[in-house]
Structure formats: C-alpha cells, structure tokens
Amino acid sequence: MKQRERWPSKLIFIFAAVGSAVGLGNVWRFPYLVGKYGGGAFLIPYILMLFILGVPLLIMEFAIGQKMQVGAVGSFHKIERKLSGIGLGAVLCGFVVVSYYAVVMSWCLIYFFHSFALKWGASTKDFFYDKVLHISKGVGDIGFISVEIIFALVVVWTLIYFAVWKGVKSVGKVVLVTMPLPVILLVILFIRGVTLPGAMEGIVFYLKPDFAALLDTEVWSAAMSQIFFTLSLAFGIMIAYASYQHESSDIAKTAIITSLVNSGISIFAGFAVFSTLGHMAAASGVSIAELAKESGPSLAFIVFPKALSLIPFAPFFSVVFFVMLIALGIDSAFSLVEAVSTVIHDRYPHIRKQDISLYVCVFGFICGIPFTTFAGLYNLDITDHFITNYGLVIVGLLEVWAVGWLYGVDKLRKYINQVSDIKIGKWWNAAIKFVIPVCLLILLTLTFLNDIKTPYEGYPQWALFGFGWLILIGVLLISFIFSHFSKE
Ligand code: PHE
C-alpha cells in the first residue's frame, strides 16, 4: 500500500489547523457578536463554550483522523460501516460553505483592487450594494450574473487550486505565508486603530459588560455556534488534516494550542475593529452601538471601508485590510477543499491528487454561481444560516454520538493519552457522551423554534425552502442513502 502523505513538521500541522480556524469569522463575525450580545459579558459564554465544546471536540476530531489515518468518510466507516454517512454529511456541508465562502473572498479581491484609489467614495453602502453586488430588489429577482464578481471568483478558485493541488505538500508550504501574514497585518491595523482619537470609547464599548444579556438564551446559542464555526468543527477538515499526522503525534496539546490561538486572535481582532469604529463614531457623530450593529458583509464592506477612508494614509490601510481578509479566508477555504479531496482520494487512490483537487475546485466554482447573481447576497445569507445552524450542529451531534456511544470514548481517550504530553481526564468522556450532545440538542431546538416562529430575516417561504431546507435535507438525505448502501 502507498504510504500516506505526511505534514513536513509538527509546526506546519499547527499552522494549517490554525490557518483553517482563523478566518473571516474571527475578524467580522466575532466582534459583531460581542457588540450585539452584551459587550464584554459575551466573553463569558464564549470562553465557557470554548472549553466545554470547542476544545473537547477538536481533541476528538484530531484523534479520530490521526487514529484512523483516513478522511472523515473513511474514519466513520471504520467505526461502523453504516456510519460513513456522517463523514459524508460533514464534507458536503463543507462543500456548500466553500462555494459561498469563495464568493465572499471574491468581493474582498474586488475591494482590494479598489483600495488604491478608495473607489468606494463617501457612500460605501451604495458602492457595495449597487456597484459591486448590483443587488436586486428581492430574492426572487435574480437579474443576471455580476461579471466582475465572476471574474474575481475565477481568480480566487485558481489561488485555492494552486494551494491544494499537491495535497499536504503544497498546503504545507502555502500556510507558512497565509497563517502568519494576516496576523501581522492585523497587528498593523491594531496599532493604527488604538492610536486614533476616539479609540478608547470604542474599546470601552467592546469590553463593557452588560450582564443582563446573559439571561437571554440567544446569547448562549450564538456563543455555541460561533465556537463551532470558528474552530472549523464538523466539516471533516480537522479529521482530514489530522489523518496526515503520524499515528504517534501529540493530540491534546496541539488541539489546545490551536483553540487558544484562534480565540486569542478573535479577541485581539475585536480591539482593532472597535478602536477603529470608536474613531469613526467620534468623527461622524453616529453612535458606536449603531455602527457595531452591522454584521458580516456590512461590517467589512460598508462600515470598515468608510472608517478606513477617515484615517490618514487611507489607501495603505485599506490595502492592508483587504489583503488581510483574503489571506485570512484563503487557508480556511482550501482546508474545506482538502477535506473533500482527501475523502475522494481515500476512496479512489488511483486518481491523482491534483486531478481530484481540480475537479473539486471546478465544481465548487460552478456551485458558487448562484451566489454571484444580483440576488446572490440573499441566497448566500439563507444558505449560510441553514448550513451553519443546522447542518453543522446535526453533523456534530452525530459525530459525538458515534464516538461517545458506539466507538467508545474511553478507548479513544486512552489512545489520546498514549500519544499526548498533556493527559486528559475522565471529564472528557462526560463531555463527549453527555454534555456536548445535550448542549447541541438545546441549540438545535432553540434555533428551530425561532425559525418556525419568525421566518429567517423575513425572507419568503419559498426562498427559505429552496436555498435553506432543500439544500440541508439534500445533504442529509444523500448522506443517509450513502450510509445505507455503504459496503465493507
Ligand atoms: N473557521 C473559519 C472562520 O472562522 C470559517 C470556516 C468554517 C472555515 C468552516 C472553514 C470551514 O472564518
């Protein structure tokens, strides 16, 4: 049998894992959640969830991949033939995510080119919606494909392809740049941010706790889903990456380092974002609370470009900001591709890895086309909501069930302790078997009840069905059928 590919070194594995975890979610999703859910008080559920959910799950995914020495589908197949669908569900969810994640990166690329001349001018909102997205009036009005976005998308997929084309061999080289570069750029933005007039008010807003917010269950479910998303859990990524480690490599310490570095970067990014918003609030007279309410796309493509244009050397800092976003996103994006190609390569080892990666990238590009239409942002928003709030959580739930109740937690814990410097106690068994499943079930129920009560963001039912439920049910159904017909 052919020897499995290996990471060139332990450090490079950590770089790759951190690179996947640290992404757009750290810089725009996390600060926005802090602003929305009680300022500094949000850090309490966030950190609790990091230790209750994030660290144990990451240890588990690393352990499965490394023990089984195959990607997500093969790993669950080894636990029990009929469970291979869990792995397939994970990579399919990942595939859906990467198809729109790449589109967001293509917006970043467009903004990068416009940064030199600050093309967005004073009205950043019109620029984003009209000039870049050509946004239509509603989700039913598809309009046409935005030519600029589709061109940028081709470039983004080309970059992704060349990062993964030789599997871990090329990924190992690329992450040496894509992991540290955005962190360095973030430090530059941080220093610029905190030295601006008005920065302090922004930071006070960021850290001032509103403990009353902790009584709201929504805050807790937001913390839970953020931990899932930010650590790239339940996508088969960490399983695939760990499968290229030697069976005797350390697990516990690596997982702890990855999770702490990832959350550390999120908290640090909060300072950069809020100090800049503080300055903008002081300069424009709009309150920080108002500015911080903008999430996701609006924060990065509307509020931030405006904030950047208010500071000296604006084009320089704009370029830094968008290069940072691209570098942040790219290693998360290619980790998703690598999770998919690992699974295919495990199954069809005679097909060359670079051919598999090419097919995955081309297919990912095609699946991204609906997100480049004039209704693309609406489609993206709906798909993202359903895949991250349901797909991920369902896959996570099935993963802990399979490991906790069928494979045997203690067996896996013994293996982890055999190879790790830091020994993990029996608490981990309880986390995998009871605590995490209960948390995830509660999260799932809360989101479901909420979605039933009020249609997500007021979108029409047919759109929520087409871009949300249908994709979700499709992923689950394909995985289920695959499991059912899975052979020895
Ligand atoms: N962890 C990435 C982030 O925080 C997002 C991501 C999720 C990337 C899942 C890949 C897979 O942005």
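A quick note: this is a predicted structure, and the numbers were derived from the prediction, not measured.

1. Details of the overall build of the chain
In terms of regular secondary structure, the chain is built from 20 helices and zero strands. The globule rule puts the C-alpha radius of gyration for 488 residues at 23 Å, and the 22 Å found for the chain is close to it. For the chain, the C-alpha atoms occupy an extent of roughly 65 × 45 × 45 Å along the three principal directions. Here the chain, with 488 residues, has 59% of them falling under the buried criterion. Each charge sign in the chain was given a centre, from 33 positive and 27 negative side chains, and these centres are 9 Å apart.

2. Remarks on helix α20 (residues 461-484)
Most pronounced at W469, the bend in α20 amounts to some 35°. Structurally, α20 contributes buried residues whose contacts are with α5 (84-115) and α18 (376-419).

3. Remarks on the site of the ligand
Close contacts around the ligand come from 14 residues, with A21, G25, Y101, F229 and F235 the closest. S20 is positioned such that a nitrogen or oxygen atom in its backbone is 3.3 Å from a nitrogen atom of the ligand. T230 has a polar backbone atom sitting 3.1 Å from a nitrogen atom of the ligand. For the shell around the ligand, the elements supplying multiple residues, two or more each, are α1 (10-21), α2 (24-36), α11 (217-230) and α16 (314-347).

4. Examining a nonpolar patch on the surface
Together, L398, W401, W405, L406, F434 and V435 give the surface a local cluster of nonpolar side chains, amounting to about 580 Å² of exposed area. Of all the elements in the fold, those that place two or more residues in the nonpolar patch are α18 and α19 (427-453). The element contributing the most residues to the nonpolar patch is α18, with four residues. Tracing the backbone shows F434 in helix α19.

5. Comments concerning the state of the cysteines
Throughout the structure, instances matching the rule amount to zero disulfides. C367 supplies the cysteine sulfur nearest to C93, a cysteine that is in no disulfide, at a spacing of 14 Å. Sulfur of C439: no disulfide; nearest cysteine sulfur belongs to C93 and is 20 Å away.

6. Describing the packing of aromatic side chains
Counted according to the given criterion, the structure contains 40 aromatic pairs. Between W405 and F434, the ring centres sit 5.6 Å apart and the planes meet at 90°, which makes this aromatic pair edge-to-face. Here W405, found in helix α18, pairs with F434, found in helix α19; they are 29 residues apart in sequence, far enough to count as distant. Using a relative accessible area of 46% as the deciding quantity, one classes F434 as partly exposed. Look at Y456 and Y459: their rings are 6.1 Å apart centre to centre, the planes differ by 40°, and that puts the pair in the tilted class. Connected via pairs of aromatic rings, a cluster forms that spans W107, Y111, W120, F127, F128, Y129, F301, F304, F321 and F322. Directly above the aromatic system of F229 lies the positively charged group of R29, at a separation of 5.4 Å from the ring centroid. Here the guanidinium or amino end of K166 rests over the ring plane of W165, the centre of that ring lying 4.7 Å away.

7. As for the nonpolar core
In this structure, F42, W107, I160, F301, L325 and L412 are the most contacted members of the largest nonpolar core, which totals 185 residues. For this core, the leading source of residues is α5, giving 21 residues. Excluding residues within four positions of it along the chain, F42 makes contact with F30, L33, V34, Y37, V219, A222 and A223.

8. Side note on helix α17 (residues 353-368)
Three or four residues apart is the spacing at which side chains of an α-helix point the same way, because the helix has 3.6 residues per turn. Given a rise of 1.5 Å per residue, 16 residues ought to cover 22 Å, and the 22 Å separating the end C-alpha atoms of α17 matches this to within 8%. K353, Q354, I356, S357, V360, C361, G364 and G368 are the residues of α17 that are buried. Viewed end-on, α17 has its buried residues packed into an arc of 155°, placing them on one side of the element. Elements that come into contact with the buried residues of α17 comprise α5, α7 (147-164) and α16.

9. With respect to the side chain of T383
Within the fold, T383 resides in helix α18. Apart from the residues lying within four places of it in its own chain, the contact partners of T383 are V96, Y100, F371, F467 and I471.

10. Some details on a positive patch on the surface
Residues K2, K166, K169 and K173 make up a contiguous surface patch of positive charge. Relative to the helices and strands, K2 resides in the segment before α1.

11. Comments concerning the environment of D210
Tracing the chain through its elements places D210 in the loop between α10 (199-207) and α11. Taking the C-alpha atoms as reference, D210 lies 8.3 Å from F42; in sequence the two are 168 residues apart. The contact partners of D210, leaving out residues within four places of it in the chain, are G38 and A41.

12. A short note on unusual backbone geometry
At A234, a position not held by glycine, the phi torsion is positive, near 65°. On the secondary structure map, A234 appears in the loop between α11 and α12 (237-242). In this structure, F313 takes a positive phi of about 55° despite not being glycine. Looking at where F313 falls in the secondary structure, it is placed in the loop between α15 (296-309) and α16.

13. Points about the pattern of salt bridges
Evaluated as defined, the whole model comprises seven salt bridges. A salt bridge links K353 to E5; the shortest N-O distance between them is 3.3 Å. One end of the pair, K353, is in helix α17; the other, E5, is in the segment before α1, and 348 residues separate them in sequence. Take E5: its relative accessible area is 24%, and that puts it in the partly exposed class. Each of E5, E338 and K353 takes part in one network of salt bridges that share partners.

Thresholds applied
Residues numbered from 1 in each chain as written. Predicted model: local features only at pLDDT ≥ 70, side-chain atom pairs only at ≥ 80, totals over all residues. Heavy atoms only, no water. Helix = DSSP H or I, 4+ residues; strand = E, 2+ residues; numbered from the N terminus. Rg over C-alpha atoms; globule rule 2.2 N^0.38 Å. Buried < 20%, exposed > 50% of the residue type's maximum accessible area, 1.4 Å probe, protein only. Lys, Arg positive; Asp, Glu negative; His and termini not counted. Charge placed at Lys NZ, Arg CZ, Asp CG, Glu CD. Bend = angle between axes of the 7 residues up to and from the residue. Contact = heavy atoms within 4.5 Å. Near = heavy atom within 4 Å. Polar contact = N/O pair within 3.5 Å; in protein donor to acceptor, adjacent residues only side chain to side chain. Patch = residues over 30% accessible without salt bridge, like charges linked within 9 Å, V, L, I, M, F, W, Y side chains within 5 Å. Areas by Shrake-Rupley, 256 points an atom, 1.4 Å probe, with all protein chains shown as cover. Salt bridge = Lys/Arg side-chain N within 4 Å of Asp/Glu carboxyl O. Disulfide = S-S within 2.5 Å. Phe/Tyr/Trp six-rings, centres within 6.5 Å; stacked < 30°, edge-to-face > 60°. Lys NZ or Arg CZ within 6 Å of the ring centre and 35° of its normal. Core = buried A, V, L, I, M, F, W, Y, C linked by side-chain atoms within 4.5 Å. Expected span 1.5 Å × (residues − 1). Arc of directions from axis to C-beta.

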